[in-house]
Every structure is written in structure tokens, then in C-alpha cells.
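# Analysis of the macromolecular model
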Amino acid sequence: MALQITTARPDPALLDLPWSTPLEDWPEEHLAALPRGISRHIVRFVKLSGRVIAVKEIKEDIARREYAMLRNLRRLDQPSVEPFGVVSGRVAADGTPLDACLLTRHLKFSLPYRALFSQGLRPGTETRLIDALAVLLVRLHLTGFWWGDVSLSNTLFRRDAGSFAAWLVDAETGELLPALSDGQRAHDLDIARVNIAGELMDLQAGELLDEAIDPVVISNRIVTRYEELWRELTAMEEFDTGERWRVEERIRRLNSVGFDVDELAISTDIDGTRISIQPKVVDAGHHSRRLLRLTGLDVGEGQARRLLNDLDSYRAASDRQNDDEELVAHDWLTRIYEPLTRRVPRELSGKLEPAELFHEVLEHRWYMAERAQHDIPIEDAIEDYVASILPSKPDEVSVVGVDTVEMPVIAD
Amino acid sequence: MATVKYDESTRIYPGNDTPSVDRLNIDIKDGEFLVLVGPSGSGKSTALRMLAGLEEVNGGKIWIGDRDVTNLSPKDRDVAMVFQNYALYPHMSVADNMGFALKIAGVDKGEIRKRVEEAAKILDLEPYLERKPKALSGGQRQRVAMGRAIVRSPQVFLMDEPLSNLDAKLRVQTRTQIASLQRRLGVTTVYVTHDQVEAMTMGDRIAVLKDGILQQVATPREMYDNPANVFVAGFIGSPAMNLVSVPVTDGGVKFGAHTLQVPRESLEGAGKNVIVGVRPEDVEVTGQGEGLEITVDVVEELGADAYVYGTPTDENIKLEGGDDALAKPFIARVDGRRVPMKGDKIWVQPHTDHMHVFNAESGARLSH
């Protein structure tokens, strides 16, 4: 059978990869990182036209199913890795048929949880990862995606203004349903809890996680965080007609956890004394959508919130509250954000995403100001940050395939 | 250990008119290995998920032992879905890999060790308990994953197409392993597959579903010898049973040139036609002009015998079942020393002892 390549973005360089060799034996020259660890399937990261692509060897029907599933999730605007293609019909030199390969694009500046733990952690990182995973799981469940294999290893994390945003990497066991039953949600949560505890226990066995941290306690957090958020996003609320401010209040609360309300059901009882409200359609990305509309910047939700705050301060400081918001945003972008992020020397640009760098510089300025006991201009803060802090940060633009006992392996 | 009972259990998805599982009744015995089998859309996975608590039950009840679990959450049912997440942790010993879920559940150390050792014995993993998964072979790693489910000692194991992502060779090996393991453990098990060979080789009993409706539940042997209807007859067995629509005549049914004796009472209520079913190994090759004339298309030599795939020469005779797009061949197993050639004409008829007769309208079995 002839080699068959299905891809939404045809790249002739795909043909140069050694498809007639079992993935396990691919020569180093094609790899972006050396393989590590035990995985259910063989996975390799390869360099392709200046990009990094993850290649997973699996049976053709499963590869096609997962490819289609990832495309659907992207279409539904869910944070998941971008599917790149499926290569099937592979045959080894001696004529034995080989399994198909599923190709996904490496998510820039994303970090596997093991890479984070091998860097030496700021305290509380493990809980921030769990919080990010809880948000991802709630979003997926609201869309009708039943994951089936929720774990830290099936997730990638991106820094998001001091916390993290989680992305789905592995959709192999997932199903898209019109809606999830309570039992299905509980099942995913239970799997998540057991997997997270197992993953943390493994980190402890590998001496990468402080013995004082209790994996069981941390893993239970996925359940409580998920349930809090789920309730906030879906629960019905009842109050007297006199308390109509509570409609606004609910919407503000949803915005503050990063969600927009696209549809809110409001009903009254027969004599009209009680009102009940229930969000019907909510959409993640409240702050990042607003920032995108104002500036064209496409960044994480936490980063967007941070940038919007800075935009507000700029507006107040330049006394332009009465000007058109878009105009002020444009000026902030060209006078503050862009000049600042351009100050990073090229050789240091793989350390942090521009928006994360901006957040870090704002933090840095705050600490500088505290020490100096007076305000510090942002230009001084960036200069000091680039000179004293940024060079010691690890490169995170393409961290792939990390083992717990190794430092992150960096692809060129 | 426990029995499982589907009691008129029904699942209708929101927005659907017809149930995905329609008033299902199955009594599963303590320790039994029951396989739910059917084509896609038959409701087999939905039925399993109803038992697991993953799908709502809209009508009827589900019992585990003497507990009505219909409205219990998945984790309160004491069932375990096996094999879904095959993950091994590289820095933890084999024993810890098997037992860590018990630690999460708050089981004390001594008890965990005891259960892990028991499971390791059954799985032939005793010598490896202190090693890291890296030092194990692929098959051993898979057994460690099974161990994770075993140590929980649930009342019921549930498996939903656990072999679907394995290659053909490993699938056959693992199939045998699961079946023998289940017998050693004696834990009631419900297993879903679309593959009738898997169903036949693994189950104590098989439940065949189609369009959400239970067609038959029986041992593999009963199901093979006495399929309850045309669907089961065509679905169970490989190669499949030949199903030929033939006219009813005086004292029997007309099969090509022959009249096959069928007791009158069996044909009561049947219309002008019935469907005669005959398995390839029960086809007798007769002399010229006797029975049904078949033109040979393909011969598959197996040594001791051979399978002949052909088409009835009379174009009016159609074979039932199979794919809509493909005309189904008539299949006969013949003596390996007397094999016809492609293009030959042969005459065949069923061994009357092993003939199945079905109602042409309802598909229900008429003969006994």
C-alpha cells in the first residue's frame, strides 16, 4: 500500500521523514529531543521546516479518530494541541506494514508537568497546576467532551501571568457528546484524582517533589476546584424581585473567573415575587477576548487580565478616561507594550512569551519600587530585568520529552 | 462477588424518539463472564455504561447483588472499569504501581501489601514486585496494569472493548489471558465487544444486541446451535451461516430441486416463504440436479478441508444478511480431497439434522 498523508497544511518536508522506519528507530538527526520515559505509545518530537512536530505511532483507525477529535475541539475553541496530520500506509523496507502516525504541532512555550517539577519549583506550583487543569476540565465538560483519561501527563501547561493555563494533549480516549451525565463527569473527576495522585507519588519516588507535600491532598483539590467552578457556571440562583442587582452580580462573578455569559435564563414564579437565574451558555476567555478586540494581542486569560489592568492605569495616568477606548488601547500598544517587549535581545527571546515577559516586568517593577520606596519608570524596570533576571531563566519555547531525573531537553 | 440484574433497563437519549437500550432484561450469575456483543449502534456500550453509572437509566432498574444501584453514583457501585488507563509510573516499584490507588482510598498499609501480593501471585508477578516497570517486558507491564484493577477487589469488572487498540497478535494473547484470569479470580465480569469471535471465545454466556434490543442471551454453544432469529444466526459464527429465502411447499420447503422435510407445526404461521439457514460445515454436496445449484467463485484451501464461495445459479434466489453493498456468497465446507474448481457447478443441500428455519417476516426461529 502506498504512503498516505492527510494534513490540513501540506508541507513537502513531510515526505523527507523516514516513514519506512519504525518510529522507535528514527535517527537522531530528525529528532528535536532524545526520547525519554515510558509511554503507552511511542512518541517522538521531530523538526520539520523550523517547527517542532510530535509524532505518535498508533493504529490507523485510532489515529484518524483522534485527528478528527482534535480538529473538532479546535473548532469548538477548546484549548487543545493543533492536529497536523495522519500518515498511514507505512511499510518497512522488508515489507512489514507499520502502524500509522498521528502528527500534532508542538505548542510553543508549553511545559509538560515533569519539566516544571525538574526546574525546582516556586512553592504552590503543584496547586496552581491542578487549578489550571480544573478550569480545562470544566471547559471541556461544558462543551460535551468526555475525556476518559484526565491526567497531568495528558495536559500541557503554559505560564499565564504567574499562574498556568492548561491545554489538552491527548484526546485518544475522548468522546464528544451532546451533554455529559453527572456520572460521566464524576467518572472523569475520579480518574483525574487517581492519576494526579499517582503522578505526584511518582515525582516523590523520583525525589522531585518535597516529601512534605501529600499527593492525596493535592489530588483531592481537582475535585473541589472543579466543583466550585462548575457550580458558579451552571447553578440556578433564586432571589426576591427586590434584589435584581444579583443578576449583574452573577455576571460580574462569572467575568471574574474568566467567563462571558452568552445566554442567561431568567424566570419568575407565578406571582412574580421570586426570580431565578441560570447561565445557559458561558464562554471562557472573557479578558483575552476583550484584549484581542482592543489591541489584536492574542494571549492567555491571566495575561490578558494583567495587560488590561496596565492599560487601565495608562488611561488614568494619561488622563484619557473620556477618550475612545480603542484609541487609548492603540496608543498603549505602540508606546508601552511593543517598545517594552522589543527590548529583549534576540538570544533571550526563547525564555518567555512576550506577554508573560510583560507580566514579569510589571512584577519586577513593583519589587524595585518597594525597595526604593518610590515609583520606578517601566523603562528602568525592563532594563534591570533583562540584565539581572531574564538570562538565568530556562529556555521554554520548545521544551519537549522531559524525564523526571533530567533537566529539560531543549529543541533547537 | 455479586450477581447483576438488568431489569427492564431503558436508556433514551435526550432528543431521541427510540431508546438506545430498550427494556433490557439479563440476569448475570455470580462469577459469570458475560459478553455484550453487537454491531455499532446496538446499545452494547450504553448498556455497560448504565451499569457503571455513566449513563442515566430512564426506565427500569439495575441491581448489583441485592442492591438497587439505579441511582447511585459510579464510585458508590463497587464496580471497576478495567484497562481504560494504562499508565505506569517509572520511579515507583511494581508493588506501588499496583497498590497506589488503594492508598488514595485510605486503605491501610498492611492490607494494601496483602492485596498486592495476592494479585501478584495470580498475575505471576511475585518476583518483580520490588522492581521498576522499566525492567519488565511488555506483557508483564500489561499485567501490572491489570493488577491495579484487581487489588481494588470490586464486585464487578467492566470492560469496554479493552483490546481495540492492540494489534492482532497481541489481541489474541490478551484475550486468552483475560479469560483465564477472570476464571481464576471468579469476579463477575461484563465485557463489551463488536467482535463475535472475541465473544464466542471469552464468554460463559453471550448477550447479542441490535438496535437497543436484546436478541438472545445464551452460552456460545447454544447460540451457535440454536440462534433465536435470523440476525443472531448471521451474526454469530465465522464464516457466517448461509441464509436462503425459499418457498414453502407441501410437507416442507423447497430448496432448489429438493423438498426439505419440515414438520408442519413448525411452519404454522409462516407465510409463502421461509428462510433456511445452514452453516458452511453442515452443507452436503449432492449429485447433479439434486438440491440447490451453485456456481463456484472462489475456493479457499485449508488442507484437510476447503471453503467454497459461490453464487446460486438461479438469480431469483437471494441470500439474506451480510452487507447491503455486497452480494453475500453461499459458503460450503468441503472435503479437502474433493475440491471443485472455480467456475464449476455444484449441487448442495443442508444436513437436515442441522438445518435452521426462520420466519421470513419476523426473522424468528421456527424449527427446534
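In this text the structure is predicted, and so the values were computed from the model without any measurement. (Residues numbered from 1 in each chain as written. Chains lettered and ligands numbered in written order. Predicted model: local features only at pLDDT ≥ 70, side-chain atom pairs only at ≥ 80, totals over all residues. Heavy atoms only, no water.)

In terms of nonpolar packing, the biggest core is built from 49 residues, with A:W147, A:F157, A:L168 and A:I222 touching the most fellow members. For this core, the secondary structure elements donating two or more residues are α1 (60-75), α2 (113-118), α3 (125-143), β8 (155-160), β9 (163-168), α4 (182-205), α5 (215-234) and β13 (274-284) of chain A. Here the element with the most residues in this core is α3(A); it accounts for nine residues. The residues touching A:F157, leaving out its near neighbours within four places in the chain, are A:F109, A:S110, A:L111, A:Y113, A:L116, A:L129, A:A132, A:L152, A:F164, A:A165 and A:A166. In this structure, B:M98, B:L123, B:V144 and B:V208 belong to the second largest nonpolar core, which totals 42 residues. (Core = buried A, V, L, I, M, F, W, Y, C linked by side-chain atoms within 4.5 Å. Buried < 20%, exposed > 50% of the residue type's maximum accessible area, 1.4 Å probe, protein only. Helix = DSSP H or I, 4+ residues; strand = E, 2+ residues; numbered from the N terminus. Contact = heavy atoms within 4.5 Å.)

On to the packing of aromatic side chains. Residue and element names in this part refer to chain B. Within this structure, the stated rule accounts for eleven aromatic pairs over all chains. Taking 5.6 Å as the distance between ring centres and 40° as the angle between the ring planes, the aromatic pair formed by F33 and Y191 counts as tilted. Pair noted here: F33 is in strand β3 (residues 33-37) and Y191 is in strand β8 (residues 188-193), with a separation of 158 residues, a long-range link. For the pair F231 and F235, a centre-to-centre distance of 5.5 Å together with 15° between the ring planes defines the contact as stacked. Highlighted residues: F231 and F235, both in helix α8 (residues 230-235), separated by four residues, approximately one helical turn. The exposure class of F235 is buried, given its relative accessible area of 17%. (Phe/Tyr/Trp six-rings, centres within 6.5 Å; stacked < 30°, edge-to-face > 60°.)

With that out of the way, let us pick up the domain arrangement of chain B. In many reports, interface size means the accessible area that the parts give up when they come together. All names here are of chain B. Domain annotation of chain B identifies domain 1 (4-230) and domain 2 (239-359). Distance between the C-alpha centres of domain 1 and domain 2: 39 Å. The interface is formed by six residues belonging to domain 1 together with seven residues belonging to domain 2. Looking at the side of domain 1 facing domain 2, the largest losses of area belong to Y224, P227 and V230, adding up to 86% of the total buried there. Our count for the contact surface shared by domain 1 and domain 2 stands at zero salt bridges. At the surface where domain 1 touches domain 2, the tally comes to two residue pairs in polar contact (both at pLDDT 80 or more). At three residues, helix α7 (residues 220-225) tops the list of elements feeding residues into the side of domain 1 that touches domain 2. Of the residues that constitute the side of domain 1 that touches domain 2, the class distribution is four nonpolar, one polar and one charged. (Domains from an automatic or database assignment. Buried area = accessible area lost by both parts, 1.4 Å probe. Salt bridge = Lys/Arg side-chain N within 4 Å of Asp/Glu carboxyl O. Polar contact = N/O pair within 3.5 Å; in protein donor to acceptor, adjacent residues only side chain to side chain. Nonpolar A, V, L, I, M, F, W, Y, C, P; charged D, E, K, R; others polar.)

Another aspect to go through is the UniProt feature "domain: DUF4032" (unreviewed entry) in chain A. The positions UniProt marks with the feature "domain: DUF4032" (unreviewed entry) are residues 228-390 of chain A. End C-alpha atoms of residues 228-390 of chain A are separated by 36 Å, and the span's content is 57% helix alongside 15% strand. (UniProt positions renumbered as here; feature names shortened; annotations may be inferred.)

Now for the domain arrangement of chain A. Residues and elements named next belong to chain A. Its domain assignment divides chain A into domain 1 (4-106), domain 2 (111-233), domain 3 (236-284) and domain 4 (300-392). Taking only C-alpha atoms into account, the centre of domain 2 sits 30 Å from that of domain 4. Counting residues at the interface gives five residues for domain 2 and nine residues for domain 4. Across the interface of domain 2 and domain 4, roughly 490 Å² is buried in total on both sides, 47% from carbon and sulfur atoms. Area buried by domain 2 at its contact with domain 4 is led by R159, D160 and A161, which between them contribute 81% of it. Where domain 2 meets domain 4, there are seven residue pairs in polar contact (both at pLDDT 80 or more). Residue composition of the side of domain 2 that touches domain 4, grouped by class: one nonpolar, one polar and three charged.

Residue and element names in this part refer to chain A. Bridge analysis of strand β12 (residues 259-268) against β13 gives nine bridges, and the strand direction is antiparallel. Looking across to β13, one finds that F259 is bridged to A284. Here β12 folds back onto β13 in antiparallel fashion, the turn holding five residues, of which G272 has a positive phi close to 75°. (Pairing = 2+ DSSP bridges.)

In this section: the pattern of salt bridges. A full pass over the atoms with the stated rule returns 49 salt bridges over all chains. Of the charged contacts in the structure, one is a salt bridge between A:R51 and A:D11, with a shortest N-O distance of 3.6 Å. In this pair, A:R51 sits in strand β3 (residues 51-58) while A:D11 sits in the loop between β1 (4-7) and β2 (42-48), placing the two residues 40 residues apart along the sequence. Overall, A:R51 belongs to the partly exposed group, its relative accessible area being 26%. Note that B:R221 is salt-bridged to B:D225, the shortest N-O span being 3.3 Å. You can see B:R221 and its partner B:D225 sitting in helix α7, four residues apart, about one turn around the helix. Its relative accessible area of 54% is what places B:R221 among the exposed residues. Taken together, the shared-partner salt bridges in this structure form one network comprising A:E232, A:E237, A:E243, A:R246, A:E249, A:R250 and A:R253.

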